[in-house]
Amino acid sequence: MKDGYIKVAALSPKIRVADPKYNVRAMLQQVKEAAGEGASVIVFPELCITGYSCGDLFLQELLLEEAKNQLLFLAEQTAQVDALIFAGLPLVYRDKLYNTAAAFHRGRVLGIVPKTFLPNYAEFYEARHFARGMQKTVPVTLREGITVPMGTDQLFVCDTVPGLRVAAELCEDVWSPNPPSIRHALAGAVLIVNLSASDEITGKDVYRRDLIAGQSARLVCGYVYANASDGESTQDVVYAGQSLIAENGIVLQESARFTNEAAYSELDVQKLTSERRRMSTFEPAAADGYTMTHFSMEISETALTRFVDQTPFVPGSKADRDKRCEEILSIQAMGLKKRLEHTGCGCAVVGISGGLDSTLALLVTVRAFDLLGIARGQILAVTMPGFGTTDRTYENAVHLIQCLGADLKEISIREAVHVHFQDICHDPYDHDVTYENSQARERTQILMDLANQYNGMVIGTGDMSELALGWATYNGDHMSMYGVNASVPKTLVRHLVRYFADTCKDNKLKTVLSDILDTPVSPELLPPKDGRISQRTEDLVGPYELHDFFLYYIVRFGYRPRKVLRLAMLAFDGAYERETILKWMKTFYRRFFSQQFKRSCLPDGPKVGTVALSPRGDLRMPSDASVRIWMDEVEELEKYDAGF
């Protein structure tokens, strides 16, 4: 199992009600197909061997005997398939009938899991035929010489796949107020399978999807839900499939309804176990009373078919993106509103460069002032032209301030910085880091002093991507009194400004914002060439879309370089070569570790997402930690083809 991935399948064959022989042959065909797809865990629907819709035929001895025989036949016929398989059947134990899921691997039945909650309402009447399943396992004999444990509290533990512990529940179990999967997860199950026969009524698909996604999130687990399809339809009910594969709240794959389509995806077992370690409130319970059934299987390289987004911080659909943007702008503005209320500041001081970050900071400040009912003229928006300022960014800064109704103040820093160069004996023609940082610190000094003059608060403009790379001048643009963009990544900043442009009614403001969006990202600290920006940030530190991708998977999930590279190559296939991704990954690790000291003394700022770098919140990282082991792996990846 490379990088923690395991392929799973939720199958829904077209069966015949009360025809176990036919059904098992249909199941064998689908097992063959799933094995060909590389599936290591295969799940069939509830009572699939007989069909769920048998009604009082479940009281027929012949049907029950044939179901058990066909289970054993199915197990024998899949002896060469190296996959853990779950199939549903009715099974008698001590004169009571149970609705069960049988787990088997390489011809050996490992255990039987009975259903706990039996629906007996509306169109369901399971209590007419079945008994409630027992928790603690009991021995049940399937045939002479074949006795297996039967009970709900079982974990199927794969000894050759780290972290893979599987448990089962059946249909109504997950719809109940206290699903068995809760205690299974607390006992160690990282993958829950559900054998289901959920019929179709209007709107139920949405609820079903949300239910499975929510359960996987609540339990921090993978969840494979195999649902019965149209072969079950009879009398007054219709079954439409909709099998689901979810992982920690995200539906990875969903089969089309009204088909017999299979659902395949890869679950990240490593990610799930890592998340559980991170969450202090995920408190494992003792697995006392659980039967642990061990098995071994070999998992070769798992080809990834799951979608890997290039921009994990940015929702894909416009509707979701607009909703996210409105939500983030509200979080930012409400955070600033509270700080202004608490301090009694009736003035905000914002440095405006004509770039995206300062534009977003000003938009958020305007929204906060509107919420407080304070006139926008109390926002002191300062443009401070320097050696690298172009006419385009200067004019955009001025027009933006005017459109928003803030108080415009222009202070050139050129003369002051030249005096500073004389004081420290720096050659103004030497365009080194001192040349650049002197400008950033002069601007910050101006903003801080203006805040003192006007009894105001300096609003920070730097974003999370810059903080991750340390792309900020220490005690320059690194510092403020409240950093509204501190947990907003660069790839999202652009969409927030775009959203504001799309939703504003002022055409002049819309035009200015559109031009700002089209302006190359630059600190503008070096003189322009022919009036154009000469210093492009992404030429120096690398593409922000790559760095935000690295940031998400390294900080949020703790993935190692090899796994991040694998995902990046899938996400950016056709956009970046492997060598290019590795080049900028090395830059990210080097800067992320070496620049932690800047993040250790960040100003306050609102957390807006699951990744944040505040030393008071999500990232308590030592400033002097060594990056050696991570760089070693990146360098090994540069030397050798890692097989993907």
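Asker: Where do I start with the overall build of the protein chain in this structure?
Answerer: Across its full length, the protein chain holds 20 helices and 20 strands. Considering only intrachain contacts with a sequence separation of at least 6, the fraction spanning at least 24 residues in the protein chain is 73%. Element-wise, carbon and sulfur atoms account for 48% of the exposed surface of the protein chain, whose accessible area totals about 27100 Å². Of the charged side chains in the protein chain, 69 are positive and 82 negative; the average position of the first set lies 2 Å away from that of the second.

Asker: Mind showing me how you'd approach the sheet that holds strand 20 (residues 482–483) here?
Answerer: Hydrogen bonds between backbone atoms are what pair the strands of a sheet, whose relative direction is either parallel or antiparallel. One open sheet accounts for 5 strands, arranged 18-17-16-19-20; its pairing is parallel. Sheet topology places strand 18 (407–410) and strand 20 at the edges, where each strand pairs with a single neighbour. In this structure, strand 19 (residues 457–460) lies alongside strand 20, joined through 2 bridges in parallel fashion. Residue pairing for strand 20: glycine 460 is matched across the bridge by glycine 483. The sheet contacts of helix 9 (residues 391–404) involve strand 17 (379–383) and strand 18, and relative to strand 18 the element is tilted by about 155°.

Asker: Mind showing me how you'd approach the packing of aromatic side chains here?
Answerer: Working definition: an aromatic ring pair is given by the centre-to-centre distance plus the angle between the planes. Under the definition given, this model contains 23 aromatic pairs. When the ring of tryptophan 175 is compared with that of tyrosine 207, the centres are 5.5 Å apart and the planes differ by 20°; the resulting orientation is stacked. Within this pair, whereas tryptophan 175 is found in helix 3 (residues 172–175), its partner tyrosine 207 is found in helix 5 (residues 204–219), the two being separated by 32 residues in sequence. Exposure remark for tyrosine 207: the relative accessible area of 51% places this residue in the exposed category. Site record: aromatic cluster; members linked through ring pairs are Phe313, Phe549, Tyr552, Tyr553, Phe557, Tyr559, Phe572 and Tyr576.

Asker: Explain the side chain of aspartate 268 here, please?
Answerer: Assignment of secondary structure puts aspartate 268 in strand 14 (residues 263–268). The exposure class of aspartate 268 is buried, given its relative accessible area of 1%. Within the local environment of aspartate 268, its side chain forms a polar contact with the backbone nitrogen of glutamine 270, the two atoms lying 3.3 Å apart. A distance of 2.6 Å separates the side chain of aspartate 268 from the side chain of tyrosine 559, its partner in a polar contact. For aspartate 268, the contacting residues outside a window of four places in its chain are Asp3, Gly4, Tyr5, Glu247, Arg306, Tyr559 and Lys563.

Asker: Help me understand the sheet that holds strand 12 (residues 244–247) in this model?
Answerer: If you trace the 7 strands from one edge of the open sheet to the other, you get 13-12-11-10-9-8-15, paired in mixed fashion. Each edge of the sheet is formed by a strand with only one pairing partner; in this case those strands are strand 13 (250–254) and strand 15 (291–295). If you compare each strand with its neighbour and ignore which way they point, the axes differ by 20° on average. Relative to strand 12, strand 11 (residues 222–227) runs antiparallel, the two being bridged by 4 bridges. In the strand pairing of strand 12, tyrosine 225 is matched with leucine 244. The strands touched by helix 5 within the sheet are strand 11, strand 12 and strand 13, with strand 12 carrying the most contacts at an inclination of about 35°.

Asker: Teacher, can you tell me more about helix 16 (residues 544–557) here?
Answerer: In an α-helix, one turn spans 3.6 residues, which is why side chains three or four residues apart end up on the same side. Its 14 residues place the ends of helix 16 19 Å apart at the C-alpha level, agreeing with the 20 Å of an ideal helix rising 1.5 Å per residue. Counted residue by residue, helix 16 has 12 buried out of 14 residues, so it is predominantly covered. All of the buried residues along helix 16 are Tyr544, Leu546, His547, Asp548, Phe549, Phe550, Leu551, Tyr552, Tyr553, Ile554, Arg556 and Phe557. In the core, the buried residues of helix 16 are packed alongside helix 6 (269–278), helix 12 (464–469), helix 13 (490–503), helix 15 (537–541), helix 17 (561–571) and helix 18 (578–594).

Asker: Whenever I open this one, helix 8 (residues 356–372) confuses me. Can you help?
Answerer: Helix length check: helix 8, at 17 residues, gives a terminal C-alpha distance of 25 Å against a target of 24 Å (1.5 Å per residue), a fit within 8%. Of all 17 residues in helix 8, 13 are buried, a share of seventy percent or more. At the exit of helix 8 stands glycine 373, carrying a positive phi of roughly 75°.

Asker: For this particular structure, what's the right way to read the pairing of strand 11?
Answerer: Where burial is concerned, most of strand 11 is hidden: 6 out of the 6 residues are buried. What you see with strand 11 is no split at all: Gly222, Val224 and Ala226 on one side and Tyr223, Tyr225 and Asn227 on the other are buried throughout. Strand direction decides the pairing type here: strand 10 (residues 191–196) and strand 11, joined by 6 bridges, are parallel. Counted as the bridge partner of leucine 195 is alanine 226 from strand 11. Once the chain exits strand 10 it traverses helix 5 before rejoining the sheet at strand 11, and the crossover so formed is right-handed.

Asker: Where do I start with the environment of isoleucine 379 in this structure?
Answerer: Tracing the backbone shows isoleucine 379 in strand 17. For the pair isoleucine 379 and glycine 456, spaced 77 residues apart in the sequence, the C-alpha separation amounts to 8.8 Å.

Asker: What am I meant to see in the pairing of strand 5 (residues 108–114) here?
Answerer: Looking along a regular strand, one sees the side chains alternate between the two faces of the sheet. Judged by how many residues are buried, strand 5 sits mostly within the fold: 6 of 7 residues are covered. Hairpin geometry of strand 4 (residues 96–105) and strand 5 is characterised by an intervening segment of 2 residues between the two adjacent antiparallel strands and by a positive phi of about 50° at arginine 106.

Asker: What should I look at first to understand the packing of helix 17 against helix 20 (residues 628–639) in this one?
Answerer: The relative placement of two packed helices comes down to the angle between their axes together with the axis-to-axis distance. Here helix 17 crosses helix 20 at 50°, and the two axes come no closer than 9 Å. Taken together, the axis directions place helix 17 and helix 20 in an arrangement best described as oblique. Only Trp630, Glu633, Val634 and Leu637 of helix 20 make contact with helix 17, whose side of the interface consists of Pro561, Arg562 and Leu565.

Asker: Which parts of the structure should I look at to understand the state of the cysteines?
Answerer: Here the structure, examined in full by the defined rule, presents 0 disulfides. Here cysteine 221 stays free of any disulfide, with the sulfur of cysteine 171 as its closest cysteine sulfur at 17 Å.

Reading the values: rules and limits
Residues numbered from 1 in each chain as written. Predicted model: local features only at pLDDT ≥ 70, side-chain atom pairs only at ≥ 80, totals over all residues. Heavy atoms only, no water. Helix = DSSP H or I, 4+ residues; strand = E, 2+ residues; numbered from the N terminus. Contact = heavy atoms within 4.5 Å. Areas by Shrake-Rupley, 256 points an atom, 1.4 Å probe, with all protein chains shown as cover. Lys, Arg positive; Asp, Glu negative; His and termini not counted. Charge placed at Lys NZ, Arg CZ, Asp CG, Glu CD. Pairing = 2+ DSSP bridges. Axes fitted to C-alpha atoms, helices over the stretch in contact; angles between N-to-C directions. Phe/Tyr/Trp six-rings, centres within 6.5 Å; stacked < 30°, edge-to-face > 60°. Buried < 20%, exposed > 50% of the residue type's maximum accessible area, 1.4 Å probe, protein only. Polar contact = N/O pair within 3.5 Å; in protein donor to acceptor, adjacent residues only side chain to side chain. Expected span 1.5 Å × (residues − 1). Right-handed = clockwise from strand over helix to strand, strands pointing away. Parallel < 35°, antiparallel > 145°, perpendicular 65-115°, else oblique. Disulfide = S-S within 2.5 Å.

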